[in-house]
Structure formats: structure tokens, C-alpha cells
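Close look at the chain arrangement
Chain by chain, the residues run as shown.
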Amino acid sequence: MIIKEKDTDSFKEIKPNIMYYGTPTLLLNTLNEDGTTNISPMSSSWALGDCIVLGIGLEGKAIENLDRHKECVINLPSPNLWENIEKISSYTGKKNVPSYKKEIGFTYKKDKYVSAELTPLKSKTVLPTRIEECPIQIEAAVKNIRIPEYNSLFNIVETQVLHFHANESIIQNENYINPSKWSPLIYNFRHYFELGREVGKTFRSET
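Conventions used here
- Residues numbered from 1 in each chain as written.
- Predicted model: local features only at pLDDT ≥ 70, side-chain atom pairs only at ≥ 80, totals over all residues.
- Heavy atoms only, no water.
- Pairing = 2+ DSSP bridges.
- Helix = DSSP H or I, 4+ residues; strand = E, 2+ residues; numbered from the N terminus.
- Axes fitted to C-alpha atoms, helices over the stretch in contact; angles between N-to-C directions.
- Contact = heavy atoms within 4.5 Å.
- Core = buried A, V, L, I, M, F, W, Y, C linked by side-chain atoms within 4.5 Å.
- Buried < 20%, exposed > 50% of the residue type's maximum accessible area, 1.4 Å probe, protein only.
- Lys, Arg positive; Asp, Glu negative; His and termini not counted.
- Salt bridge = Lys/Arg side-chain N within 4 Å of Asp/Glu carboxyl O.

Attention shifts here to the sheet that holds strand β4 (residues 45–48). Pairing is antiparallel across the open sheet formed by seven strands, whose spatial order is β3-β2-β6-β11-β12-β5-β4. The open sheet has two edge strands with one neighbour each: β3 (37–42) and β4. On average, each strand axis in the sheet is tilted by 30 degrees relative to the strand beside it, whichever way the strands run. Bridge count between strand β2 (residues 26–31) and strand β6 (residues 71–76): three bridges; the pairing is antiparallel. Across the sheet, L27 pairs through a bridge with N75, a residue of β6. Most of the contacts of helix α1 (residues 61–68) go to β2, to which it runs at about 45 degrees, and overall it touches β2, β3, β5 (51–57), β6, β11 (136–146) and β12 (154–166).

As C-alpha cells, this is what we get:
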């Protein structure tokens, strides 16, 4: 194998302000002090086994709620819901809006269900509600919250899935999601995208 010299490639080192290189958008539902549900649009998550790890900012309502009540619902919207999500993207559930959020245009909004024109559904065992319009809704328990020692700007929240709800239209063979029927809403450098055509599948695919 011949390794190309650095000055012969077509790449340039850059320093982007954001690293959202294309991840699913999610709506994180957490429990407010008065028993109502707060909705937080997010795009920092990954899953392995029955665990889902979330990256959450330090001063938002979501982490405040999770510190107090360690349950949540991870709702996965389809691409047609991007406008609903954008309607609440500049809102925070904190009455005292953090200064850094205020500087970029955030304002306080308590009932985000109404603002986003979404519908609450009672969860099976957790207290935060699910979002009916989202094809996938995951009830989860918070197992660990920590601030990484190398970066104090966010929390790493580890959750364990309790119940996985899927709309019947995207289910196949009882317990599988049909990837040709389900498309996540992708957050790609602060733009919303949907998936394109399928180009193949891994050898481990069971569908």
C-alpha cells in the first residue's frame, strides 16, 4: 500500500464551530416540578444494547429535571415533524433563561406541547409523557449523570431502556423495525434531512 504524501491530497484542515455531522434528532421528555412534561429537542445521542447515552447542556431544563427525577422518554420524530420541532427550538423550560441562551435568542416557554402542536400520551411506567406523533418512543431510566473531566460544558447522561414503543406501520416480524418504512429526522450541521435510498446492509442485519 502506498501512503499519499500530505501535500498531494485534496483535504484542508478546518475549525468548525459545530460538530453535528449527521445524527438523528430526538425529543427528550423530562418531568417538571409540577408533574408536567418538558420537551427538549436534541441531537447528541448514541445507543448500544439496551443503553442510550445522551449529551445534554449544563444549564437547561432537561438536566435540571433529570437530576431531580431520573426518568425520561426519548421520542424519535420522522422527517415530516421538522417544522413542529423548529417551533420550539428557541424555547427553554427555565423561567430564568441562562445568559448564554438569552444572548442567542432563547425565551421561556412552559407548555411546549401546545407550541409544537404535538400530542401527549401516557407512558407505561415512567411519569414523563410520550409524544404521539413520533413513530418511536422509548421510556428510559437514568443510570448515571456525569460531567466529563476534559470538558465542563455538558453532561453525559447514561440511560437504560425500559419500554420501546413503535408505531405499527414500521414494525415487521413482531419485534423488528422495518428500515424501509422508518426514516429518522437527521440533524446535519444544523440543517434537517431525511434518509435517501438504501445502498446496502451489514452482514449482521436480521431483516
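Counting 19 residues, the largest nonpolar core has L28, L54, I56 and I74 as the members making the most contacts within it. For this core, the secondary-structure elements that each account for two or more residues are β2, β5, α1, β6 and β11. Looking at this core, the element that brings in the most residues is β11, giving four residues. Those residues within four positions of L28 in sequence are excluded, and the remaining contacts are N38, I39, S40, M42, L54, I56, A62, L66, C72, V73 and I74. Counting residues in each nonpolar core, the second largest holds 11 residues, with L27, I39, I88 and I131 among its members.

Secondary-structure assignment places R130 in strand β10 (residues 130–131). One buried charged residue, R130, forms no salt bridge at all, with the nearest opposite charge on E139 at 4.2 Å. Excluding residues that lie within four positions of it along the chain, R130 makes contacts with N29, V73, N75, Y113, T119, P120, L121, K122, S123, Q137, E139 and H165.

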